[in-house]
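Each chain is listed here by its residues.
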Amino acid sequence: MKKRPFKERYPTLKSFLKGDGPCHYIGDRYIEGTNIYDRREWRGVVDTAYDFGWWLATWLKMGAFAAKNPVRILRAFWRYRWLSAYLAAPHMVDKWIAGDRGLMLRCDRHALNAMISDTVDILWTMIRADRKLGKTKYTDKTVAFDYTLPRHIMLGFPGWDSVNINQQCAFMLPLMIKQMGAYYIDQSVSVGIPQDMCTLPLVEVGVAVEHEYPDLGNFWLCTNNPCDANMMDNAVMYRELSDNGRKAVHAFVTPLMYDDPTTKELGVHEVCEAIKFVEEQTGEKFNWDAFRDGIERVNQVTREELERWDIYATTNTIGMNGVCQGFFSIYFYQQSANKHFERESAKILKLFNKGVEKGINTIPYARHRAVMWSCGSTYNCQVANWLYTCWGIAPIINMDSLTGHNLVDTEDMDTMLSDVADWYGRTPMRTHTVGGNRHILQVFETARKFNCDMIVMYDDIGCKGMAGCQGLIEEEFRRHSDEFKICWLPHALMDYRTVPPAEARKAVNDYMRTVLGEEPLDPTLEVFDDDAGW
Amino acid sequence: MRDLKHMIEFEELLRSANNEMVKAACAEGRLALAYNCSHIPEVLLDVPGCFGVRLRAPGCVSPDMATYYMTNRSCPYSKSILERAFEGGYNFIAALLGQECCTTMNRMEQYFDYCELIPNEKFFVSCLDMPINRSEWHEGYYERQLRQKVVEPLERVYGVDFSDAALTAAIEQHNELCRVINAMGELRKAENPVITGYEFAVMQLCSLTCPKDKLLPLLRETLEELKTREPEPKPWFRARVMVVGSEIDDPEFTKMLEMAGAIVVADRYCFGTMPGREEIEVGEGETPLHAIARNYLWNNHCPRAMGPQALIERKNYVYQKAKEFGAEGLIVESMKFCEYWGYERAQDAMWLTEGYEVPGTLPVCQIERDYTTAAAGQLRTRFQAFVESLEIKRIQGAI
Ligand code: SF4
Ligand code: SF4
């Protein structure tokens, strides 16, 4: 911990009591060489107490999870290395809400509450059904979906549980502990898969190499979403996830040219085929009424999301920060109707509306409103908060927040299937990266729509789809350089070793100082070493 | 063995995409229709008045412009094609029929449009969405995609005739080509073949990149020549191998492998004959377009086909072809940065060496390569070592 005179940190009593000011000296709070707080962030009396309450609640939720069946859960911890990452969840939350105050803190906490509650549910759903920990009555009634495949069709099979199996076991790991992603990447490489592939599927495959997927259910739905790499990982995980061919596997495919009218029939056909497959496997008829009800509930959350977009676009009441907003949308996208998201989304919208009524500016120190484009990082997702706390760049909307927001017309079966097919084709990391260059170039209309003067372009060095259009983007950026400030933000999605967070920050620092000639809001965050952090 | 009469001419044809035969066909007013991927049925582009050209970029070693557009982290095959387009190497083409198949290739194809690379006002790029799953329904979908993305645009822009009669003629020509090429390919099964893997690769590459009607007379003649060709008194090679993997449009790759002591007896790679040289049968009551779609849907063993059935089938396809052609080992290659083959290569090696879901085991040598054989030294050493290991296995009676 670095010592800084109290007076320097809080020039007035009011600023201390409110924890307010353009500079939070967040960097002072990190344990040397890490991004781990040595003491909690001071957000003023009320907000610190509010945040502390939620922090305790997170631990309580985790405790309640452990209490469900301590022996089984302990065995799961013993068996699955990835599970230990969840012990760092409270730290992840701290990273995700760094700098949050007032309304934004509240909205983000509600969003996190949905995600944490649901994660706890899913972890338990997996563990209680896992054959490796002992067969139970849930084992046969739980269905595994690939993590990039939304589970909406399961709404038509009430009484069946489903999980996106590689979401909790793989995707989320570097969000909590960055080293965890690297570990599983190395496992994939050890069986001959080239290291220069996208690191997300490499992590997924690494978990399979280690035989660390829970063994649940009797069938599995895989997908070509969102990209070539994620499609191919299904092939190499076949043995593990099908239990050497003992479980049925269905490829739930979506068209790549998803908004080309000629491909619509394929999208619908594949939804029907997937439903048929689940019917065959479960021996149950698809329940259209339950499906419609579930979809209506999804629609409600989508409507709320769309209302929030209007607020983002037209006001400074940006109720959710860049990280929470992105993950809340992506997470919900996969889950379909879900009590936690439905509950929290409604609350968040209420808070937003209150903020608008009162004219609350949640980004008072913003110098730039930014759209965050392309696939973002996991191990360095908190960089979106850092952009604001360090440089006053407020992320207004993420590319991946803008997916899966089509309302499903539930009027009749055909319209419902057609719209659900659209939903399935428009996944995060896909809507804007496949189906033609015009999708990636929607960045400009999006920036205009959300009233942004800046584009922060993620540069995932493993993403082949984005590498392929680099020159196109560069040229279009030059064409739009009078209209937008454009900054690249490099990362390697799941592998912090390839592009360490400090290197990504340096790219922004250089741009802000040399191109825009600006000074940081919080100089303690400009350059710091977090290599040994999580 | 005595040199084949037309070999130098064939090699000459591979020196440039715009070779003498292509030039002659264009001079006759025929349309050169370009494509890049095995998912685009070449036969559809060989209707009267047109001819298909699978794009290659011979000799492209430093794709600088393409690297600016696609970074140094994209597949070098796609980049080399783009580079050659920037150099004006494909100025003769009338249209590019692409697909959203592998994203890298698709990006490359979109640059033809974005950068206006072809100086022809009527030039266009049209991409289709290939099915990933396979069933009777998907045959129909594929057929409709072909109609909407290939047939209709070409009819509209150039007035190309895709009548059943035109398609039937194209299928007949395709089938004849397949018969000739396959007859040559069969010769590789012999213990001491009268054709080398290199010679075969050269002719197969010509068949993908030249107007077929112009090439066929030479191929027919070569087949006759092969029938009476005397083999070497003793096999000149030390091991028989099959090559499996992504785009290999450089016959030097095969030559290098053969100089290392192996003969390539089977070619299961993009630009190879397995698959690709299957005759198309038009069923009773079936339209020629449907027959084409059906054929290309089921005879494609690309790693992008999903589901256990396709997965297991394609491993068995490799295994069976290796056995049929007497390959003792597999060279499984992938282009650098290729996601399809990066994964497939690793999995092929695991499954085939272990004998998982295939009837037996096969030794595998995995390699990652660039577009040209520039890193030849390193590869040669790998190949030599693999050939030696196959020899040792043979001596020990393991294969
Ligand atoms: S970053 Fe790119 S390659 Fe990786 S999962 Fe996302 S879309 Fe696929
Ligand atoms: S080698 Fe791989 S990346 Fe390159 S075009 Fe072929 S499939 Fe695509």
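Nothing here was measured: the structure is a model prediction, and the numbers come from that model. (Residues numbered from 1 in each chain as written. Chains lettered and ligands numbered in written order. Predicted model: local features only at pLDDT ≥ 70, side-chain atom pairs only at ≥ 80, totals over all residues. Heavy atoms only, no water.)

## Quick look at the overall build of chain B
Looking only at helices and strands, one finds 14 helices and eight strands in chain B. For chain B, whose C-alpha radius of gyration is 20 Å, the value lies close to the compact-globule estimate of 21 Å for 399 residues. Along the first, second and third principal axes, the C-alpha set of chain B runs to 65 × 45 × 45 Å. The buried share of chain B, taken over its 399 residues, is 66%. Put simply, of all contacts in chain B between residues at least 6 apart along the chain, 75% involve residues at least 24 apart. Summed over its atoms, the accessible surface of chain B is roughly 14,100 Å², and 50% of this surface lies on carbon and sulfur atoms. Across chain B, 44 positive and 59 negative side-chain charges occur, with their mean positions spaced 3 Å apart. (Helix = DSSP H or I, 4+ residues; strand = E, 2+ residues; numbered from the N terminus. Rg over C-alpha atoms; globule rule 2.2 N^0.38 Å. Buried < 20%, exposed > 50% of the residue type's maximum accessible area, 1.4 Å probe, protein only. Contact = heavy atoms within 4.5 Å. Areas by Shrake-Rupley, 256 points an atom, 1.4 Å probe, with all protein chains shown as cover. Lys, Arg positive; Asp, Glu negative; His and termini not counted. Charge placed at Lys NZ, Arg CZ, Asp CG, Glu CD.)

## Points about the site of ligand 1
All residues in the neighbourhood of ligand 1 are listed as Cys198(A), Leu200(A), Cys227(A), Asn230(A), Cys375(A), Met429(A), Asp460(A), Cys463(A) and Leu493(A). Partitioned by chemical class, the residues of the shell around ligand 1 number seven nonpolar, one polar and one charged. (Near = heavy atom within 4 Å. Nonpolar A, V, L, I, M, F, W, Y, C, P; charged D, E, K, R; others polar.)

## Brief notes about the packing of aromatic side chains
Summed over the entire model, instances satisfying the criterion amount to 44 aromatic pairs over all chains. Both rings, one in Tyr147(A) and one in Phe171(A), keep their centres 4.9 Å apart while their planes meet at 20°; by these two values the pair is stacked. On the criterion of sequence distance, the pair formed by Tyr147(A) in the loop between strand S1 (142-145) and strand S2 (161-164) and Phe171(A) in helix H7 (residues 165-171) is long-range, its members being 24 residues apart. Side by side, Tyr147(A) and Phe171(A) carry an identical accessibility label, which is buried. Every member of this aromatic cluster is reached through a ring pair, and the members are Tyr68(B), Tyr69(B), Phe86(B), Tyr111(B) and Tyr114(B). Above the plane of the ring of Tyr138(A) lies Arg128(A), whose end atom (NZ or CZ) is 3.7 Å from the centre. (Phe/Tyr/Trp six-rings, centres within 6.5 Å; stacked < 30°, edge-to-face > 60°. Lys NZ or Arg CZ within 6 Å of the ring centre and 35° of its normal.)

## Side note on helix H10 (residues 199-209) of chain A
Among the 11 residues in H10(A), 10 count as buried, and that is most of the element. Every buried residue belonging to H10(A) is among Thr199(A), Leu200(A), Pro201(A), Leu202(A), Val203(A), Glu204(A), Val205(A), Gly206(A), Val207(A) and Ala208(A), and all of these are buried. In this structure, the buried side of H10(A) is in contact with H7, helix H9 (178-190), helix H11 (228-236) and helix H12 (238-241) of chain A together with helix H13 (339-354) of chain B. Taken from the residues just after H10(A), His211(A) is the one with a positive phi, measuring 55°.

## So, a nonpolar patch on the surface
Taken together, the side chains of Leu13(A), Leu17(A), Val45(A) and Val46(A) make up a nonpolar region of the molecular surface, amounting to roughly 370 Å² of accessible area. Along the chain, the position of Val46(A) falls in helix H3 (residues 45-68). (Patch = residues over 30% accessible without salt bridge, like charges linked within 9 Å, V, L, I, M, F, W, Y side chains within 5 Å. Salt bridge = Lys/Arg side-chain N within 4 Å of Asp/Glu carboxyl O.)

## Structural notes on the side chain of Arg314(B)
Residue and element names in this part refer to chain B. Mapped onto the elements of the fold, Arg 314 is located in helix H12 (residues 308-324). The exposure class assigned to Arg 314 is buried, which follows from its relative accessible area of 4%. A distance of 3.1 Å separates a polar atom in the side chain of Arg 314 from the backbone oxygen of Pro 303. One polar contact links the side chain of Arg 314 to the main-chain carbonyl oxygen of Ala 305, over a distance of 2.8 Å. (Polar contact = N/O pair within 3.5 Å; in protein donor to acceptor, adjacent residues only side chain to side chain.)

## A few points about unusual backbone geometry
Along the chain, Asn225(A) connects to Pro226(A) via a cis peptide bond; the corresponding omega equals -10°. Locating Pro226(A) in the fold gives a position in the loop between strand S3 (219-223) and H11. Pro275(B) follows Met274(B) through a cis peptide bond whose omega is -5°. Within the element layout of this structure, Pro275(B) appears in the loop between strand S6 (262-269) and helix H11 (288-298). Its identity as a non-glycine residue notwithstanding, Asp243(A) has a phi of 50°, on the positive side. Looking at the element boundaries, Asp243(A) is found in the loop between H12 and strand S4 (248-252). The exposure class assigned to Asp243(A) is partly exposed, which follows from its relative accessible area of 25%. The phi angle at Phe271(B) is positive, at roughly 90°, despite the residue not being glycine. Structurally, the position occupied by Phe271(B) is in the loop between S6 and H11. In this structure Phe271(B) comes out as buried when scored by relative accessible area, which is 2%.

## Digging into the interface of chain A and chain B
Many structure descriptions define interface size as the accessible area lost when the parts assemble. Tallying the contact residues gives 61 residues for chain A and 51 residues for chain B. Carbon and sulfur atoms supply 56% of the area that chain A and chain B bury against each other, a total of about 4,800 Å² over both sides. Interface area lost by chain A to chain B is led by Met232(A), Arg239(A) and Lys464(A), which between them contribute 14%. Summed over the shared surface of chain A and chain B, the number is four salt bridges. (Buried area = accessible area lost by both parts, 1.4 Å probe.)

## Describing the site of ligand 2
The environment of ligand 2 is formed by Cys75(B), Tyr77(B), Ser78(B), Cys102(B), Met105(B), Ser246(B), Glu247(B), Met335(B), Cys338(B) and Tyr340(B). Taken together, domain 1 (7-165) and domain 2 (226-395) of chain B each give at least three residues to the shell around ligand 2, which thus spans both. (Domains from an automatic or database assignment.)

## Quick notes on the packing of helix H7 (residues 164-186) of chain B against H11(B)
Residues and elements named next belong to chain B. As a packed pair, H7 and H11 sit with axes 9 Å apart at the nearest point and diverge in direction by 40°. Classified by the angle between their axes, H7 and H11 sit oblique to one another. Note on element contacts: H11 touches H7 through Pro 288, Leu 289, Ile 292 and Tyr 296, opposite Asp 164, Leu 167, Thr 168, Ile 171 and His 174. Across the contact of H7 with H11, the residue classes break down as six nonpolar, two polar and one charged. (Axes fitted to C-alpha atoms, helices over the stretch in contact; angles between N-to-C directions. Parallel < 35°, antiparallel > 145°, perpendicular 65-115°, else oblique.)

## A closer look at the nonpolar core
Formed by 324 residues in total, the largest nonpolar core has its most connected members in Trp82(A), Leu221(A), Tyr90(B) and Phe112(B). In terms of domain composition, this core takes at least three residues from each of domain 1 (7-165) and domain 2 (226-395) of chain B. Ignoring any residue separated from it by four or fewer positions in sequence, one finds Phe112(B) in contact with Leu55(B), Ile81(B), Ala85(B), Tyr90(B), Ile93(B), Leu96(B), Leu117(B), Ile118(B), Phe123(B) and Val125(B). Ala182(A), Ala492(A), Tyr496(A) and Val499(A) belong to the second-largest nonpolar core, a separate cluster that totals five residues. (Core = buried A, V, L, I, M, F, W, Y, C linked by side-chain atoms within 4.5 Å.)

## Quick notes on the state of the cysteines
Each disulfide consists of one covalent bond between the sulfur atoms belonging to two cysteines. All names here are of chain A. Within this structure, the stated rule accounts for zero disulfides over all chains. The thiol of Cys 107 is unpaired, and the distance to the nearest cysteine sulfur, on Cys 324, comes to 9.9 Å. Residue classification places Cys 107 among the buried residues on the basis of a relative accessible area of 0%. (Disulfide = S-S within 2.5 Å.)

## What to know about the domain arrangement of chain B
Residues and elements named next belong to chain B. By the assigned domains, chain B splits into domain 1 (7-165) and domain 2 (226-395). Taking the mean C-alpha position of each, domain 1 and domain 2 sit 24 Å from one another. On the domain 2 side, the residues contacting the 44 residues of domain 1 number 33 residues. Roughly 3,300 Å² is buried in total at the junction of domain 1 and domain 2, and carbon and sulfur atoms are behind 63% of that figure. Of all residues in domain 1, the largest losses of buried area upon contact with domain 2 belong to Ile 132, Arg 134 and Glu 139, amounting jointly to 23% of the total for that side.

## Points about the pairing of S4(A)
Residues and elements named next belong to chain A. In terms of residue burial, S4 counts as a mostly covered element, since four of its five residues are buried. Here five bridges tie S3 to S4, and the two strands are oriented parallel to one another. Residue pairing across strands places Leu 221 opposite His 250, the latter belonging to S4. (Pairing = 2+ DSSP bridges.)

## Description of the pairing of strand S2 (residues 50-54) of chain B
All names here are of chain B. Here S2 lies mainly inside the structure; five of its five residues are buried. Side chains Cys 50, Gly 52 and Arg 54 project from S2 onto one buried face, and the interleaved Phe 51 and Val 53 project onto a second face that is buried too. Where strand S1 (residues 31-35) lies against S2, five bridges are found, and the strand directions are parallel. Note that in S2 the partner of Tyr 35 across the bridge is Arg 54.

## Regarding the sheet that holds S3(A)
Strand pairs in the sheet, formed through backbone hydrogen bonds, run parallel or antiparallel to each other. Residues and elements named next belong to chain A. Sheet architecture is open: four strands sit in the order S2-S1-S3-S4, paired in parallel fashion. Both edges of this open sheet fall to S2 and S4, since each of them pairs with a single strand only. Taken over all neighbouring pairs, the strand axes of this sheet differ in orientation by 25° on average, direction set aside. Two elements, S1 and S3, share two bridges in a ladder whose sense is parallel.

## As for the sheet that holds S1(B)
Residues and elements named next belong to chain B. With respect to topology, four strands assemble into an open sheet ordered S2-S1-S3-S4, the strand pairing being parallel. Each edge of the open sheet is held by one strand with a lone partner, namely S2 and strand S4 (124-128). When strand polarity is set aside, the average angle formed by the axes of neighbouring strands in this sheet is 25°. Contacts from helix H5 (residues 103-114) reach strand S3 (93-99) and S4 within the one sheet, and its direction differs from that of S3 by about 150°. The strands touched by helix H8 (residues 197-209) within the sheet are S1 and S2, with S2 carrying the most contacts at an inclination of about 130°.

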